[in-house]
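Coordinate analysis (summary)
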Amino acid sequence: MRETIIRAENVTKNYGGLTAVDGVDISIHGGDFFGFLGPNGAGKTTTIKMLTGLTNISSGQVTVFGKQLNKNLNYIKKRIGITGESTNLFPDLTVKDNLKFKAKMFGVRGKEAEKRIKNYLSEFNLNSKTNTKYLFLSKGQKRIISILSSLIHKPDIIFLDEPTIGLDIKARGIVYGFLRRLNGKGVTVFLTSHYFEEIELLCSNLAVINKGRIIYSGKMEEIKKLFPSDKILAVRFDGKPVEFEAQRYFENFRISGNFLYLRNAEVSGALEKISKFSKETKLKVIEVNTEGNKLEDLFVKLIKKDDREK
Amino acid sequence: MKSEIRNILHLALKDVRAYYFKPATISWGILFPLVFVLIFSLKNPAGFPSMLGGLFTMAIFFGTTSMTATSIMLERKTGVFNVYYTFPISYCGIVLGKILAGFLFGIFTTLSICAITLFFVKIRIFNAGLLILWVILSSFAFSSFGLFLSLIVKEAYDAMTYMNLIRLPLIFVSGIFLPVSSLTPTLKIFAYLSPMTYSVNLAEASILNRHFIGVSISFIVLATVGVLFTALAAVRVEKLRD
């Protein structure tokens, strides 16, 4: 049985009359790669802030590494790393000075700090940026340095709030690989992201928050059992289909980029409609595939179900 | 405790690296008081020595408050100020780190301006020990005062503007250009409420051997101002976390 390193019990956060997070329970075990999903404004960032001591808890209790958070804040801060939505580095300092400063604040000094900085920068091929001011880095480089800076003191758990926002696919791939290796070394990862494939690819456990309440918490594979698997027909065109045109042919569909996703469509009937649609819209069909439920679809179903129930 | 002190020092040194050479720090913290010193030395060379206490106080006041305002303004604007909450350091520690950076800047700029001025003016300082104590105490008081003011403005962009709304009127009621004794009774109330008045008094006591308030009272007031605004700034830093 793995050790529970974070336990939040009935945690609530009120801002004046507004309840941003309402009675949240979360358990995170050592070595977890924990995904945290929710629509915008659902309470993800507030929850992270409460779990890391960055904001006061209105009611409830959080224990981290078996210690009560509000009474052992400095001890806990030394063992966690945080990369938030906003920047956590100083624009006017160089990459090295930024990382050195953060290392020092966590008691990592001298040659050990230098070694860690060098190693981390090499891992991302960013050695040439050592003496560049943070201000002059690209958006992607800033995100990577920001993640590295939260790891400089080798925390036992790292909280990443939308860490790959603004990164291109290649950079995201590098970050994924890095996070996997980190998790492989025993570091617990708590990740929020707008990229569903990122959560699906990396996380072993998942919690979904909606309107301040946790509406699902469990293993990644178990969420798929909550809803019977839909048959989804994914059609890729050579251009982006237009919604109102698609409405004339299809009922249960979704458009994403050049893809048209048809849910629970009878394949034979659907192909006929797709052909007509293609002719009328002059969009060429590139490929047609059948798919099972994707995390994104399950997420949408969960949120819709929760909204209906309210 | 040891690591808290170490972190206060790291934070202050980081501010030194990041903000000492920022245009806002240099223009308001060094050039502005220096220009005043030059103007008065050229306009009235004979009466200039009698103004030294006030002008040097202005150098400390603008140096320390500009430094703290610049750092807080830039850090709150970019959101990086929030990173301090992730460090194992208390709110008071964050405040003391910030104050220390302003304090060191104030001491450095004031002593430089003092040295340059006194080299040209050729006057003998009455009490060098008192002068050092005055610089230290005033830098602490004004640095904490400046930090608190920068923390209470809602829009970080406006920190320097709001700072000037308070700083500029204070120059005129604190005995820098006009002796406090010559002010109207209403302005005298403001003069005695201004911490700068007590700093000017100490400066004149140490340089010219003249004072209009007791030296020990000035010490007590400046120390109280320093401690009070440090505490208020710590409370404000805690509030800003949410």
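Residues numbered from 1 in each chain as written. Chains lettered and ligands numbered in written order. Predicted model: local features only at pLDDT ≥ 70, side-chain atom pairs only at ≥ 80, totals over all residues. Heavy atoms only, no water.

A few words on the overall build of chain A. Summing up its helical and strand segments, chain A has eleven helices and 14 strands in all. In terms of overall dimensions, chain A has a C-alpha envelope of 70 × 45 × 40 Å along the principal axes. When burial is assessed residue by residue, chain A has 50% of its 310 residues classed as buried. Sequence separation of at least 24 residues holds for 68% of the intrachain contacts in chain A that already meet a minimum separation of 6. When the accessible surface of chain A is split by element, carbon and sulfur atoms take 49% of a total near 14800 Å². Distance between charge centres in chain A, computed from 52 positive and 35 negative side chains, equals 7 Å. (Helix = DSSP H or I, 4+ residues; strand = E, 2+ residues; numbered from the N terminus. Buried < 20%, exposed > 50% of the residue type's maximum accessible area, 1.4 Å probe, protein only. Contact = heavy atoms within 4.5 Å. Areas by Shrake-Rupley, 256 points an atom, 1.4 Å probe, with all protein chains shown as cover. Lys, Arg positive; Asp, Glu negative; His and termini not counted. Charge placed at Lys NZ, Arg CZ, Asp CG, Glu CD.)

Turning our attention to the pairing of strand E12 (residues 253–256) of chain A. Residues and elements named next belong to chain A. The alternating pattern of E12 places Phe253 and Ile255 on a buried face, while none of Arg254 and Ser256, on the opposite face, is buried. By the bridge criterion, four bridges tie E12 to strand E13 (residues 259–263) in an arrangement that is antiparallel. The residue bridging Ser256 from the neighbouring strand is Phe259, located in E13. Between E12 and E13, which pair antiparallel and follow one another directly, the connecting turn spans two residues, one of which, Gly257, has a positive phi of 60 degrees. (Pairing = 2+ DSSP bridges.)

Right, let's get into the sheet that holds strand E1 (residues 4–15) of chain A. All names here are of chain A. With respect to topology, four strands assemble into an open sheet ordered E2-E1-E4-E5, the strand pairing being antiparallel. Two strands lie at the open edges of the sheet, namely strand E2 (18–29) and strand E5 (67–68), each paired on one side alone. Across five bridges, E1 lies against strand E4 (residues 59–64) in antiparallel orientation. Counterpart to Ala8 in the pairing with E4 is Val62.

Interface size is commonly expressed as the accessible area that is lost once the parts come together. Counting residues at the interface gives 26 residues for chain A, matched by 25 residues for chain B. Between chain A and chain B, the buried area comes to about 2400 Å², and carbon and sulfur atoms account for 60% of it. Among the residues chain A hides against chain B, the three largest losses belong to A:Phe90, A:Asp92 and A:Met105. Together they make up 27% of the total. There are two salt bridges connecting chain A and chain B. Between B:Lys22 and A:Asp92 there is a salt bridge whose closest N-O contact spans 2.6 Å. Connecting chain A to chain B are seven residue pairs in polar contact (both at pLDDT 80 or more). Of all elements in the fold, only E1, helix H2 (73–77) and helix H3 (95–105) of chain A reach the threshold of two or more residues within the side of chain A that touches chain B. In terms of residue count, H3(A) provides more of the side of chain A that touches chain B than any other element does, five residues in total. Broken down by class, the residue content of the side of chain A that touches chain B amounts to eleven nonpolar, seven polar and eight charged. (Buried area = accessible area lost by both parts, 1.4 Å probe. Salt bridge = Lys/Arg side-chain N within 4 Å of Asp/Glu carboxyl O. Polar contact = N/O pair within 3.5 Å; in protein donor to acceptor, adjacent residues only side chain to side chain. Nonpolar A, V, L, I, M, F, W, Y, C, P; charged D, E, K, R; others polar.)

This brings us to a nonpolar patch on the surface. Residue and element names in this part refer to chain B. Together, Leu187, Ile189, Phe190 and Leu193 make up an exposed nonpolar region whose accessible area comes to about 420 Å². Looking at where Leu187 falls in the secondary structure, it is placed in helix H7 (residues 185–193). Here Leu187 falls in the partly exposed class, since its relative accessible area comes to 33%. (Patch = residues over 30% accessible without salt bridge, like charges linked within 9 Å, V, L, I, M, F, W, Y side chains within 5 Å.)

Moving on, we come to the sheet that holds strand E8 (residues 188–192) of chain A. All names here are of chain A. Judged by pairing direction, the sheet is mixed, and its six strands sit side by side in the order E6-E7-E8-E3-E9-E10 without closing on themselves. Two strands lie at the open edges of the sheet, namely strand E6 (80–83) and strand E10 (213–219), each paired on one side alone. Each strand axis lies, on average, 15 degrees off the axis of its neighbour in the sheet, ignoring direction. As defined by bridge partners, E6 adjoins strand E7 (residues 157–161) across four bridges and the pair is classed as parallel. Across the sheet, the residue bridging to Ile80 is Ile157, located in E7. (Axes fitted to C-alpha atoms, helices over the stretch in contact; angles between N-to-C directions.)

It is worth spelling out H3(A) at this point. Judged by how many residues are buried, H3(A) sits mostly within the fold: eight of eleven residues are covered. Where H3(A) is concerned, the buried positions are A:Val95, A:Asp97, A:Asn98, A:Leu99, A:Phe101, A:Lys102, A:Ala103 and A:Met105. Tucked inside the fold, the buried residues of H3(A) contact helix H4 (110–123) and helix H5 (139–149) of chain A together with helix H1 (2–19) of chain B. Just downstream of H3(A), A:Gly107 is the residue with a positive phi angle, here 80 degrees.

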